[in-house]
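Commentary on secondary and tertiary structure
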Amino acid sequence: MAGGDQVFGNNVGVDELRPVFDEAMKNGLNLWDSAVVYGMGDSETILSSFTKGCKREDMFISTKFTPQIADETAADPVAAMCESSLSRFGTDYIDMYWIHNPADVERWTPYLIPLVKSGKVRRVGVSNHNLAQIKRAEEILSAEGVHVSAVQNHYSLLYRSSEKAGILDYCKENGIGFWVYMVLEQGALSGKYDTQHPLPAGSLRGETYNPMLPQIEKLVTVMRGIGVKYGVSPAQVALAWAIAKGTTPIIGVTKVSQVQDAVKAMRISLTAEEISQMETAAEETGVDTRGSWEMPMI
């Protein structure tokens, strides 16, 4: 469930990923985002095989409570899932712990409070929440002196729903970080794929994005033209765009070269004209890349 082979059409393990982890840490990219539901614990287990060899203070570990897989028999399902993550990572605290989906804001949000007060969690965030749900979560937490530190939503050139809903502005105004996933739309904006070179057949991302490639190609052409100016790929342009928007992109990396690309993207400063040019081209694609698990932000 939510494994790399089914979703992305690849199958990588410890041996392939160790050099990727080391390259990231060497370049100061030390924020690692996971969840129990990613491979039903396998993602955390593989990641922990690397993090356990590092000084704890040198890493920022982020993971999630996913309501859909909660142990309903537990007295505190959130604490139970958090404990399983703490055990896998071999640590006594999580830097950032998230409520993964807004299945029931009133029910699940309060469980974060004792985790913060006990020190098992340093900061908390909400993922895939709309603006009203974010504000309600903050109300519940702030009543006990805890606050939403970050929001993590799907955000890319092709899916700017959180921006249009006012979530980015709310976060900026209230000192809340905005972390973004799928900024490359599972590779569809990387420049690697087009109608002649589709995404892996039989994978969920292939089924989702291959029908959209004729429209997406036009945007990628614009991104590639901008990339020529900076000597970078469309993928790096997409990352630079997300950074320019004041967000923290969370990217999936399976190759050392992808880490190196991310480092280069951090050094790019896009102009307002380039950002506008890409956003216009993105709007003209007319595609909707909202995931089946996501509720509308607007």
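Above this text is the structure in question.
So, a few notes on the structure that sits alongside this text. (Residues numbered from 1 in each chain as written. Predicted model: local features only at pLDDT ≥ 70, side-chain atom pairs only at ≥ 80, totals over all residues. Heavy atoms only, no water.)

**Comments concerning the overall build of the protein**
Scanning the protein from terminus to terminus reveals 14 helices and seven strands. Scaling as 2.2 N^0.38, a compact globule of 298 residues should have a C-alpha radius of gyration of about 19 Å, and the protein matches this with 19 Å. With the C-alpha coordinates of the protein rotated into their principal frame, the extents come out at 55 × 40 × 35 Å. A separation threshold of at least 6 residues defines the contact pool for the protein, and within that pool the share at least 24 residues apart is 78%. Between the averaged position of the 27 positive side-chain charges in the protein and that of its 36 negative side-chain charges there is a distance of 4 Å. (Helix = DSSP H or I, 4+ residues; strand = E, 2+ residues; numbered from the N terminus. Rg over C-alpha atoms; globule rule 2.2 N^0.38 Å. Contact = heavy atoms within 4.5 Å. Lys, Arg positive; Asp, Glu negative; His and termini not counted. Charge placed at Lys NZ, Arg CZ, Asp CG, Glu CD.)

**Comments concerning helix H13 (residues 256–265)**
The periodicity of an α-helix, 3.6 residues per turn, causes residues three or four places apart in sequence to face the same way. Those residues of H13 not exposed but buried are Val259, Ala262, Val263 and Ala265. Each buried residue of H13 lies within a common arc of 160° when the element is viewed along its axis, so the set occupies one face. For H13, the secondary structure elements touched by its buried residues are helix H2 (14–26) and helix H12 (234–244). (Buried < 20%, exposed > 50% of the residue type's maximum accessible area, 1.4 Å probe, protein only. Arc of directions from axis to C-beta.)

**Quick look at the packing of helix H11 (residues 213–230) against helix H14 (residues 272–285)**
The relative placement of two packed helices is expressed as an angle between their axes plus a distance between the axes. Packing of H11 against H14 brings their axes to within 7 Å, and their N-to-C directions diverge by 165°. Between H11 and H14, the angle falls in the class roughly antiparallel. Of the two possible hands of crossing, H11 and H14 adopt the one that is left-handed. Where H11 abuts H14, its residues Gln215, Ile216, Leu219, Val222, Met223, Ile226, Lys229 and Tyr230 lie against Glu274, Gln277, Met278, Ala281, Ala282 and Thr285. In terms of residue class, the contact of H11 with H14 is built from nine nonpolar, three polar and two charged. (Axes fitted to C-alpha atoms, helices over the stretch in contact; angles between N-to-C directions. Parallel < 35°, antiparallel > 145°, perpendicular 65-115°, else oblique. Left-handed = near helix turned anticlockwise from the far one by under 90°. Nonpolar A, V, L, I, M, F, W, Y, C, P; charged D, E, K, R; others polar.)

**Here we look at the side chain of Ser62**
In this structure, Ser62 sits in strand E2 (residues 60–65). Classification of Ser62 by relative accessible area gives buried; the value is 0%. For Ser62, the side chain forms a polar contact with the side chain of Asp33, separated by 2.6 Å. Setting aside anything within four residues of it in sequence, one finds Ser62 in contact with Trp32, Asp33, Ser34, Met96, Trp98 and Trp179. (Polar contact = N/O pair within 3.5 Å; in protein donor to acceptor, adjacent residues only side chain to side chain.)

**Some details on the sheet that holds strand E3 (residues 94–99)**
With parallel pairing, seven strands are arranged side by side in an open sheet as E1-E2-E3-E4-E5-E6-E7. Of all strands in the sheet, those with a lone pairing partner are strand E1 (31–33) and strand E7 (248–250), marking the two edges. Between one strand axis and the next, the sheet turns by 25° as a mean value, whatever way the strands run. Sheet topology places strand E6 (residues 177–181) next to E7; three bridges connect them, and they run parallel. Residue pairing for E7: Tyr181 is matched across the bridge by Ile250. (Pairing = 2+ DSSP bridges.)

**Some remarks on the pairing of strand E5 (residues 148–154)**
By the criterion of burial, E5 is predominantly enclosed, with six of the seven residues buried. With four bridges connecting them, strand E4 (residues 121–127) and E5 associate as parallel partners. Counterpart to Ser127 in the pairing with E5 is Gln152. Assessed by its sense of winding, the connection that carries the chain from E4 through helix H7 (residues 131–142) to E5 is right-handed. Across five bridges, E5 lies against E6 in parallel orientation. Of the residues in E6, the one forming a bridge with Asn153 is Val180. (Right-handed = clockwise from strand over helix to strand, strands pointing away.)

**Focus: the packing of aromatic side chains**
In this description, a pair of aromatic rings is defined by centroid distance and the angle of the planes. Taken as a whole and judged by the stated rule, the model has eight aromatic pairs. On the basis of an interplanar angle of 70° and a centroid distance of 4.9 Å, the ring pair of Trp98 and Trp179 is categorised as edge-to-face. Here the residue Trp98 occupies a position in strand E3, and Trp179 occupies one in strand E6, the gap between them amounting to 81 residues. The class for Trp98 is buried, based on a relative accessible area of 0%. Within the aromatic cluster, the residues linked to one another by ring pairs are Phe21, Trp32 and Phe50. The positively charged end of Arg122 is found above the aromatic ring belonging to Tyr93, 3.7 Å away from the centroid. (Phe/Tyr/Trp six-rings, centres within 6.5 Å; stacked < 30°, edge-to-face > 60°. Lys NZ or Arg CZ within 6 Å of the ring centre and 35° of its normal.)

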